Amino acid sequence: MDVDTRLLRYFAAVAEEGNLTRAAERLYVAQPSLTKQIKQLETLLGVQLFVRSRSGMALTEAGRALAARVPDVLDTLRHAVRETKDAASGAQRVLRVGIMGSGANEATPAIIAAFGERHPGLRVEMRQGTWSEPTAGLADGEADAALLYLPFPGQERWRTAELFTEPRCLLLPSGHRLADRAEVDFRELWDEPFVAAPVQAGAWRDWWLAADAREGRPPVVGAETRHPDDWLNAIVNGYGIALAPSSAARFYPRPGITQVAVTGVAPCTAAVVWSPARDDDPVVRGFVDACRVVCGATG
């Protein structure tokens with residue numbers, strides 16, 4: 001019997017959370033899709049894994065038996081994949097670092113250099129994440145560490161070390177009525193269409209729509225995108241505006257887009273993020289230390 005490891009990963013999330021909504025947010029998938037995948041796994045195995053009720057998802061006896069084994073199975077598979085990729089790279093181990101956007105901005109090359117000094121013979125491979133998966137590969141084991149902006153959904157499951165904080169700014173089409181302003185109050189933007197991450201990005205999408213600063217008013221979404229280039233193109237083409245780190249002007253220069261300062265929204269914080277399971281990994285710890293030293297962080 002062939003069982004897709006994605007189904008096992010979805011099962012493990014629901015088993016740990018005991019709730020479909022929280023598990024869907026953690027996995028960055030829509031809840032109906034998650035429900036369908038769980039039913040598919042039950043059909044494939046020929047057993048009922050959960051008892052569904054208003055209070056959540058309780059494991060059956062069969063579900064508890066599977067839940068006891070699945071974490072080890074997934075962990076073994078992740079290690080096997082990592083070792084296989086490392087072997088393909090020769091004697092040099094590769095540290096895979098997920099990034100969203102520009103990573104740690106200007107500090108990123110210095111971090112890689114500082115890490116290389118501490119761990120000669122190791123190479124850092126940067127992997128650009130998508131808006132639909134805000135951990136940039138950590139959640140599915142494709143990244144060993146990540147440079148991310150906080151907050152992101154499921155953040156409590158990961159180790160984080162804050163590196164620096166910067167204001168958020170407004171990106172809009174150069175022909176927009178507000179493009180010649182030096183500064184805009186966020187209240188003026190409540191009815192403006194925004195370019196947003198997919199719905200499955202959950203709280204991360206809400207943060208970059210500044211849902212907490214809208215006093216209960218739902219955002220207007222003009223377009224949804226999954227990749228930085230698509231996001232920028234949607235802004236240029238007038239489908240909406242967007243909030244971004246203030247460093248966006250330096251790292252996303254794009255004809256047709258104007259950056260304007262915005263008040264009334266909280267700043268954003270960049271951090272290095274890793275799994276608690278890698279706390280004793282000297283390579284991951286070395287990268288975290290390099291991030292802290294270069295950025296002057298002590299947390």
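Residues numbered from 1 in each chain as written. Predicted model: local features only at pLDDT ≥ 70, side-chain atom pairs only at ≥ 80, totals over all residues. Heavy atoms only, no water.

### Things to note about the overall build of the chain
Note the cut-off: A helix here means a DSSP run of H or I that spans at least four residues, while a strand means a run of E at least two residues long, and both kinds are numbered starting from the N terminus. As a reference, a globule follows 2.2 Å times the number of residues to the power 0.38, and the radius of gyration itself is taken over C-alpha atoms. Only protein chains enter the area calculation, which uses a 1.4 Å probe; residues under 20% of their type maximum are buried, those over 50% are exposed, and those in between are partly exposed. Note on definitions: a residue-residue contact is assigned when non-hydrogen atoms from the two residues lie within 4.5 Å. Accessible areas in this description were obtained via Shrake-Rupley with a 1.4 Å probe; residue shielding takes into account the shown protein chains only.
Of the regular secondary structure elements, the chain holds 9 helices and 13 strands. In terms of overall dimensions, the chain is globule-like: its C-alpha atoms have a radius of gyration of 21 Å, near the 19 Å expected for 299 residues. Residue burial in the chain is summarised as follows: out of 299 residues, 48% are buried. For the chain, long-range pairs separated by at least 24 residues make up 72% of all intrachain contacts whose partners lie at least 6 apart in sequence. As displayed, the chain has an accessible area near 14100 Å², and 51% of this comes from carbon and sulfur atoms.

### Quick notes on helix H1 (residues 5-17)
What counts is decided by this rule: Here the expected span of a helix is defined as 1.5 Å times the quantity of residues minus one. Throughout this description, a polar contact denotes any pair of N or O atoms lying within 3.5 Å of each other; where both atoms belong to protein, one of them has to be capable of donating a hydrogen while the other can accept it, and for residues adjacent in sequence the pair is counted only when both atoms sit in side chains.
Look at H1: 18 Å from first C-alpha to last across 13 residues, which is about the 18 Å you get at 1.5 Å a residue. Those residues of H1 that fall on the buried side of the exposure criterion are Leu7, Leu8, Tyr10, Phe11, Ala12, Ala13 and Val14. The opening residue of H1 is aspartate 4, an N-cap whose side-chain oxygen sits 2.8 Å from the backbone nitrogen of arginine 6. Residue glycine 18 follows H1 closely and has a positive phi angle near 70 degrees.

### Topic: the environment of threonine 21
Structurally, threonine 21 can be placed in helix H2 (residues 20-27). For the pair threonine 21 and glycine 56, spaced 35 residues apart in sequence, the C-alpha separation works out to 9.2 Å. There is a polar contact of 2.7 Å between the side chain of threonine 21 and the side chain of glutamine 31.

### Considerations on helix H7 (residues 228-236)
Here is the rule we go by: Starting at the helix axis, one direction is taken to each C-beta atom, and the arc is that of these directions.
For H7, every residue scored as buried is listed here: Pro228, Trp231, Leu232, Ala234 and Ile235. One face of H7 carries all of its buried residues, which in axial projection span an arc of 160 degrees. In this structure, the buried side of H7 is in contact with strand S4 (123-128), strand S7 (168-173), strand S9 (193-196), strand S10 (220-224), strand S11 (242-245) and strand S12 (257-263). Glycine 238 lies just past H7 and shows a positive phi near 85 degrees.

### Concerning the packing of H1 against H2
In a pair of packed helices, the angle between the axes and the distance between the axes together describe the arrangement. Our working definition: Orientation is described by lines fitted to C-alpha atoms, with helices fitted over the stretch in contact, and by angles between N-to-C directions that extend from 0 to 180 degrees. An angle counts as roughly parallel when it lies under 35 degrees, as roughly antiparallel when it exceeds 145, as roughly perpendicular when it falls between 65 and 115, and as oblique in every other case. Two helices crossing with the near one rotated counterclockwise from the far one by less than a right angle form a left-handed crossing, whereas a clockwise rotation gives a right-handed crossing. Note on residue classes: Ala, Val, Leu, Ile, Met, Phe, Trp, Tyr, Cys and Pro are nonpolar, Asp, Glu, Lys and Arg are charged, and everything else, Gly too, is polar.
It is at 8 Å that the axes of H1 and H2 come closest, and there the two elements cross at 130 degrees. Relative to H2, the element H1 is oriented oblique. Helix-helix and strand crossings are classified by hand; for H1 and H2 the assignment is right-handed. Residues Arg9, Tyr10, Ala13, Val14, Glu16 and Glu17 of H1 lie in contact with H2, whose contacting residues are Leu20, Arg22, Ala23, Arg26 and Leu27. In terms of residue class, the contact of H1 with H2 is made up of 6 nonpolar, no polar and 5 charged.

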